[in-house]
Each structure stands twice: as structure tokens, then as C-alpha cells.
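Structure at a glance
Next come the chains, spelled out residue by residue.
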Amino acid sequence: MANILSFFLVIYLLNFSPILCLSSKANNYGYLYPQFYDRSCPKAKEIVKSVVAKAVATEGGMAASLLRLHFHDCFVKGCDASLLLDSSGTIVSEKTSNANRNSARGFEVIDEIKSALEKECPKTVSCADILALVARDSTVLAGGPTWEVPLGRRDSRDASLSDSNNNIPAPNNTFNTILTKFLSQGLDLVDLITLLGAHTIGNARCTSFRQRLYNQYGNNLPDYTLDQSYAAQLRTRCPRSGSDGNLFFLDYVSPTKFDNSYFKNLLASRGLLNSDQVLATMNPMSLALVNVYANNNEIFFEQFARSIVKMGNISPLTADRGEIRKNCRKINS
Ligand code: HEM
């Protein structure tokens, strides 16, 4: 009975949430809209796409790394490219936070895009918009959905290491902690489950899920919500200690293809991170939506496009706030 109710609630959410999500968020200073650079830099989108395509052709795994950057940017002071700043002067780079250290990558690709854009139309296209476009292009290149990217964000003049540590969920956070972190960004349960579907591509290090394999509950027992033969396989390259940086596919079935197999894996108790598996074990509404996505790729794709546009609208700097950086790694002097 509970499952049937959840199912109908999910259908309701999928049908009605777009009305709330798609209207580009109004803020005190302006709106984002896809045509923002149509006059000032008509080739901007094309330039971004071609550099991303080249980077992904050179290394397939780059699509996942680039998609993740937009998330790690938006959850810290909004989508303002604060993530891209290197440490210098008063700035302590977010690249050194728990979520990013030894993990976030792809910054050289963003640099290459920025220098191509500076040649074409100097001081026009923000680094924050580059991250939003790159997330879309990477998703498409991996076989995922496309969407129109609202544009017009400007770049921050500071970064926040503490917000990066606190706001970006950690893989060992509880379901409730993760949901609270999403809600505080204006994203809801549907957005959380849908956006986590990005873990259909890319890798995680052994250190990000080791606890599940050996000592999930503080009593030297593995996580019982993890398929035990899958766990045994993972242990061969993720020992009790050492090999922290060994990489594992987040979706072992189709690691470079953006599809719904991530959700199928969750139903088979084969989600890699604790924060993945809890979507199927801790909340009946969440499990119902995981089921819907596992059975219907199209519904997943449509909602992914809506939820990522919504994420891209988190507290943008517009009008005269912030700046257009010349180099994404430094504020303008
Ligand atoms: C509950 C929220 C989330 C948690 C706890 C989480 C956690 C993680 C962790 C621990 C990794 C592996 C990092 C490593 O070991 O180096 C990872 C990778 C990744 N995450 Fe998430 N994530 C979350 C949400 C998201 C969202 C919303 C997106 C994008 C929309 C995303 C996209 C990715 C991608 C694509 C990768 C693979 C990166 C690569 O291969 O370089 N994640 N995430």
C-alpha cells in the first residue's frame, strides 16, 4: 500500500515540479537566460562545446569530472565559480576542501576554454557560466540528456573553504543529513535522487567507501545493505589500509555511459557509496522514485535536465555583482 501511494506521489512530483523548477530563479538583480551571450559572444557555446569534446575524446573519464565541478561550485556560495580560484592573498582555495582535495579535477580544461573565449570576446563570458555549459556538454557527450543552459552568472571575488567543507555532502553522511544539505540549497527530495543519478558515470576512490567494506557500524562488520559478492570484489583492490587512491566505477555496469543503470544497481544493493545506497534503503518515497528511474530512462533524463537547471540557479551573481574574471583561477586585480 505504502509503495503504491509513494508511486502516485512520485508521478505527481514528476508532473508538477517542472512548473516550480523551470522558471529561472528571480533574484534581486536579474535573471539567467539561455540567449545571454547571443550578441556579446555568439560563438561562446560552440567554443565551450568543442574544447569539452576534445578533452573527452582524449580521456573519456573527463566527462564525469567536468560534470561534478558544476555541483561543487553551486553548493558553495551559489554558482559563482568560487571553486575555480587558486589560493593567493586572502583566498584559501576550495580545491583544498575535503570533497575536492585529491579528487576534483578538470581545471586545465576550464582554463583552455577560458583562454579560447578571452581571444574571441575578452572579459565577456563568466567562469561560472563556463561550468554550467560544460556540465551540459559533458552529460550529452556521455549519452545523457540535453537542456538549454540559462546564462548570465558572474564570478565571485572570494571563495569559502568552510562552506565547501560543510555544504557539499560527504559519502558517509546519513540520508537525513544529505537531504538537509540539499533542502538548504533550495533543492528537494526529487532533485536529490535525480541529481545523484550523475553517479552513472565516473569514479570514486577506495577511501570514499572503505568503511562500508570493513567496519560500517564500528563493530568490524561490513555494510549489510551492500551485496556481499560485490563487496568481496571491491575488497580485492580496496584493502583495510593503503591503496586509498585506487579508483572504482560508480556504476560498474556502464561506467562511461550516462544512463539509468545507476538506479538498477541500487535496487541490486550495488551502489558504490553509502550515500548512493541510502536512496534505496532509508526512505520509501526515495525508493519509489529509484524504482521509477530504474524502469524508465526517459523519465530520469527529463527530470535530470530540470533538476540540474534548478541547481544552476542557486544564488547566481548578476547585474553589477561580482565580475567577469579574465583568468578563472584568480580574481581580477
Ligand atoms: C549526496 C550527494 C553527493 C555525494 C555524497 C557525492 C559524493 C561523491 C564522491 C565521494 C565521489 C567520489 C570522489 C572520489 O572518491 O574522488 C563522487 C564522484 C562524482 N560525483 Fe558525486 N556526490 C553527490 C552528488 C553529486 C551530484 C549532485 C553530482 C552532479 C550533478 C555528482 C557528480 C559526480 C560525478 C560525475 C562523480 C565522478 C567524478 C569523476 O569521475 O572524476 N555528485 N561524488
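Residues numbered from 1 in each chain as written. Predicted model: local features only at pLDDT ≥ 70, side-chain atom pairs only at ≥ 80, totals over all residues. Heavy atoms only, no water.

Right, let's get into the state of the cysteines. A full pass over the atoms with the stated rule returns four disulfides. The disulfide bridge from Cys74 ends at Cys79, spanning 2.1 Å between sulfur atoms. Between Cys74 and Cys79 the sulfur-sulfur dihedral comes to about 120°; the bridge is accordingly right-handed. Judged by relative accessible area, which is 0%, Cys74 ranks as buried. For Cys79, a relative accessible area of 0% corresponds to the buried category. Here Cys127 connects covalently by a disulfide to Cys328, the sulfurs 2.2 Å from one another. Every disulfide takes its handedness from the sign of the S-S torsion; for Cys127 and Cys328 that torsion is -95°, giving left-handed. Of the two residues, Cys127 sits in helix 5 (residues 127-141) while Cys328 sits in the segment after helix 14 (297-312), which places them 201 residues apart along the sequence. Summarising the burial analysis for this pair, Cys127 and Cys328 share the class buried. With cysteine numbering restricted to those in disulfides and following the sequence, the protein has the pairing 1-4, 2-3, 5-8, 6-7. (Disulfide = S-S within 2.5 Å. Buried < 20%, exposed > 50% of the residue type's maximum accessible area, 1.4 Å probe, protein only. Helix = DSSP H or I, 4+ residues; strand = E, 2+ residues; numbered from the N terminus.)

In the vicinity of the ligand, 23 residues are found, and the nearest of them are Ser65, Ser103, His199, Arg205 and Ser208. Interatomic distance of 2.6 Å between a side-chain N/O atom of Ser65 and an oxygen atom of the ligand. Broken down by secondary-structure element, the contributors of at least two residues to the shell around the ligand are helix 3 (62-74), helix 7 (175-183), helix 8 (189-196) and strand 1 (203-205). The dominant element in the shell around the ligand, judged by the number of residues it contributes, is helix 3, at four residues. Taken together, the residues that form the shell around the ligand break down as 14 nonpolar, seven polar and two charged. (Near = heavy atom within 4 Å. Polar contact = N/O pair within 3.5 Å; in protein donor to acceptor, adjacent residues only side chain to side chain. Nonpolar A, V, L, I, M, F, W, Y, C, P; charged D, E, K, R; others polar.)

For the iron atom of the ligand, the protein contributes exactly one donor atom, His199 (NE2), at 2.1 Å. Along the chain, the position of His199 falls in the loop between helix 8 and strand 1. (Donors = N, O, S within 2.8 Å, 3.2 Å for Na, K, Ca; no water.)

Attention now goes to helix 2 (residues 44-58). The end-to-end C-alpha distance of helix 2, which contains 15 residues, comes to 22 Å, matching closely the 21 Å that a straight helix rising 1.5 Å per residue would cover. Residues Ala44, Ile47, Val48, Val51, Val52, Ala55 and Val56 constitute the buried set of helix 2. Across the axial projection of helix 2, the buried residues extend over an arc of 155°, all falling on one side. Every exposed residue of helix 2 that faces more than 90 degrees away from the buried side is listed here: Glu46 and Ala57. Where helix 2 is buried, its residues meet helix 3, helix 4 (107-120) and helix 5. (Expected span 1.5 Å × (residues − 1). Arc of directions from axis to C-beta. Contact = heavy atoms within 4.5 Å.)

According to the stated counting rule, one finds 17 salt bridges in the structure shown. Close ionic contact of Asp80 with Lys77 constitutes a salt bridge, the shortest N to O distance being 3.0 Å. On the accessibility criterion, Asp80 (1% relative accessible area) is buried. Judged by its relative accessible area of 28%, Lys77 is partly exposed. (Salt bridge = Lys/Arg side-chain N within 4 Å of Asp/Glu carboxyl O.)

Counting through the fold element by element, Lys181 comes out in helix 7. Of the side chains with opposite charge, Asp163 lies nearest to the buried Lys181, which makes no salt bridge, at 11 Å. If we ignore the near neighbours within four places in the chain, the residues touching Lys181 are Phe75, Asn166, Asn167, Ile168, Pro169 and Asn173. (Lys, Arg positive; Asp, Glu negative; His and termini not counted.)

In this section: helix 8. Counting buried positions along helix 8 gives eight out of eight residues, so the element sits mostly inside the fold. Among the residues of helix 8, Leu189, Val190, Asp191, Leu192, Ile193, Thr194, Leu195 and Leu196 are the ones counted as buried.

Relative to each other, helix 7 and helix 8 sit at 105°, their axes nearing to 9 Å. Regarding the angle of helix 7 to helix 8, the classification is roughly perpendicular. Here Phe175, Ile178, Leu179 and Phe182 of helix 7 come into contact with helix 8, specifically with Leu189, Leu192 and Leu195. Across the contact of helix 7 with helix 8, the residue classes break down as seven nonpolar, no polar and no charged. (Axes fitted to C-alpha atoms, helices over the stretch in contact; angles between N-to-C directions. Parallel < 35°, antiparallel > 145°, perpendicular 65-115°, else oblique.)

Bringing the packing of aromatic side chains into the picture now. Taken as a whole and assessed by the stated rule, the structure comprises 18 aromatic pairs. On the basis of an interplanar angle of 65° and a centroid distance of 5.8 Å, the ring pair of Phe258 and Phe301 is categorised as edge-to-face. Taken together, the positions of Phe258 in the loop between strand 2 (247-249) and helix 11 (261-267) and Phe301 in helix 14 put the pair 43 residues apart, joining distant regions of the chain. Feature note: the residues Trp147, Phe258, Tyr262, Phe263, Tyr293, Phe300, Phe301 and Phe304 constitute an aromatic cluster, connected by ring pairs. (Phe/Tyr/Trp six-rings, centres within 6.5 Å; stacked < 30°, edge-to-face > 60°.)

Quick look at the confidence of the model for the protein now. When the pLDDT values of the protein are averaged, the result is 94; 91% of them are 70 or greater. Every residue in residues 18-23 scores below 50 in pLDDT, and together they form five contacts with partners more than four places removed in sequence or on other chains. (pLDDT = per-residue confidence, 0-100.)

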